[in-house]
Amino acid sequence: MGVKCRAFVAIVFILILLGSMWLHGNLADYWNTCPKAYSIKNKILSFIRVNSSDDEVAPLRVCPGQRFQVADLLAHLQAAPVSANDVLLKPYLASWDELIKFLEALGPMVGLISQEIESKTAIIRDLAQKAEKERKMKERKRTHQQSDPVLMISHNSSSDYSEINHKPSYGYTSVRSMIKWELENGLVDFHKQTNSGCRTLLRLHRALLWLQNFLLELGKDTTEGEHLRSPSDLCKETYQRTLAHHHTWWVRKAVELAFLAMPERPYFYQLVCVETQAEATLVLNRVVRAIEEVYERNEVALQEHGMLDLP
């Protein structure tokens, strides 16, 4: 094996090792992490709002022959907000499924990032499935008690009648119901790392801010005489002002190295089924506005419960 080949293998190995921990934060056990004072301050500075005045209907087309579909991403994002301040988890996670396909389409180096994100969505889905099984077991037990007169009398004499007809919330339906459920059941630890849904959501939340910034910058058109900047540079810059604040030096360098392999703009046009930067601006601005709505709601929910700095 030649020197160049060995060097390439070494780089890939380092990317896999460090990139797999870019959201999880495992390297913090061995190297000092960035001060937590960054988090709220930089979230405020880093969140960029899109001017919502451009309400033209963007040409969202289905692109044959590719897994990522921008129309599906937008549909999931728009289905996620519920009530005045909550987010449904099912369409939220479905949005991430599409964003994962988007990252995977950018090549194997950037695709390494998507693998870690996918592991986060799997954690929340796993917790939701376990909670649903628990709910069904309790429902069956309650039905059995109601069908047995002896058990019914015994149950009524020892507990509140309202408890029988009360259908409890088992969380994992929405972000706020998940927070409530996990706090009530002691699943959130504010001092050490756990695989709670709330901690996992926070990692996804931080990554969503980076993608919101990146897609916004990618969708910006230029004035006459200006040149469009490369997606690689935009991705690196938006990462540095958002997600990088939560990573160690080693992880930051590994991720930034992966961004060097990012394709040029024509490939992104193909991904979102457009032909020009003007069309891309319309499409991406719609996506970014939908992300903003979801992001802001989750930010408020996490902040209200002091969860923006969960370890």
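Bear in mind that the values here come from a model prediction, so they are computed numbers and not experimental data.

S.K.: Can you lay out the pattern of salt bridges for me, pointing to particular residues and giving the numbers?
M.R.: Oppositely charged side chains can form a pair if their charged atoms are brought close together. For the structure on display, the rule yields 12 salt bridges. In this structure, the salt-bridge partner of Arg 229 is Glu 237, at a minimum N-O distance of 2.3 Å. Ionic contacts of the salt-bridge type, sharing partners, join the residues Glu 217, Lys 220 and Arg 241 into one network.

S.K.: Got a sec to walk through the state of the cysteines? Specific residues and values, please.
M.R.: By the definition in use, this model includes 1 disulfide. A disulfide bridge connects Cys 63 with Cys 273, and the sulfur atoms are separated by 1.0 Å. On the S-S bond that ties Cys 63 to Cys 273, the torsion sits near -135 degrees, and the link is left-handed. Residue Cys 63 is located in the loop between α2 (38-46) and α3 (70-79), and its partner Cys 273 is located in the loop between α12 (265-271) and α13 (277-304); the two are separated by 210 residues in the primary sequence. Pair check on accessibility: Cys 63 and Cys 273 agree, each one buried.

S.K.: An account of α13 is requested, with residue identities and associated values reported.
M.R.: Its 28 residues give α13 an end-to-end C-alpha distance of 39 Å, which sits within 8% of 40 Å, the value for a rise of 1.5 Å per residue. In the segment just after α13, Gly 306 is the residue with positive phi, at about 65 degrees.

S.K.: Which residues make up the nonpolar core, and what values go with them?
M.R.: Ranked by internal contacts, the top residues of the largest apolar core, which has 70 residues, are Tyr 92, Trp 96, Phe 102, Leu 103, Trp 210 and Phe 214. No other element matches helix α9 (residues 197-218), which puts 13 residues into this core. Excluding anything up to four places from it in sequence, Leu 103 contacts Val 110, Gly 111, Ile 113, Ser 114, Ile 117, Trp 210 and Leu 211.

S.K.: Break down unusual backbone geometry for me, with residues and values.
M.R.: Within the chain, Ser 83 stands out as a residue other than glycine whose phi angle is a positive 50 degrees. Its location among the elements puts Ser 83 in the loop between β1 (81-82) and β2 (86-87). The phi torsion at Tyr 172 lies on the positive side, around 60 degrees, for a residue other than glycine. By secondary structure assignment, the location of Tyr 172 is in the loop between α7 (162-165) and α8 (175-184).

S.K.: Kindly report on the packing of aromatic side chains, identifying the contributing residues and their values.
M.R.: Under the criterion given, the structure shown has 6 aromatic pairs. Aromatic side chains Phe 214 and Phe 268 sit 6.1 Å apart centroid to centroid with 75 degrees between the ring planes, which places their arrangement in the edge-to-face category. Here Phe 268 lies in helix α12 and Phe 214 lies in helix α9, a separation of 54 residues in the sequence. Pair check on accessibility: Phe 214 and Phe 268 agree, each one buried.

S.K.: Tell me about the side chain of Asn 298, and name the residues and values.
M.R.: Structurally, Asn 298 can be placed in helix α13. Residue class for Asn 298 comes out buried when judged on its relative accessible area of 1%. Other than its neighbours up to four places away in sequence, Asn 298 contacts Val 87, Tyr 92, Val 175, Leu 201 and His 205.

The rules behind each value
Residues numbered from 1 in each chain as written. Predicted model: local features only at pLDDT ≥ 70, side-chain atom pairs only at ≥ 80, totals over all residues. Heavy atoms only, no water. Salt bridge = Lys/Arg side-chain N within 4 Å of Asp/Glu carboxyl O. Disulfide = S-S within 2.5 Å. Helix = DSSP H or I, 4+ residues; strand = E, 2+ residues; numbered from the N terminus. Buried < 20%, exposed > 50% of the residue type's maximum accessible area, 1.4 Å probe, protein only. Expected span 1.5 Å × (residues − 1). Core = buried A, V, L, I, M, F, W, Y, C linked by side-chain atoms within 4.5 Å. Contact = heavy atoms within 4.5 Å. Phe/Tyr/Trp six-rings, centres within 6.5 Å; stacked < 30°, edge-to-face > 60°.

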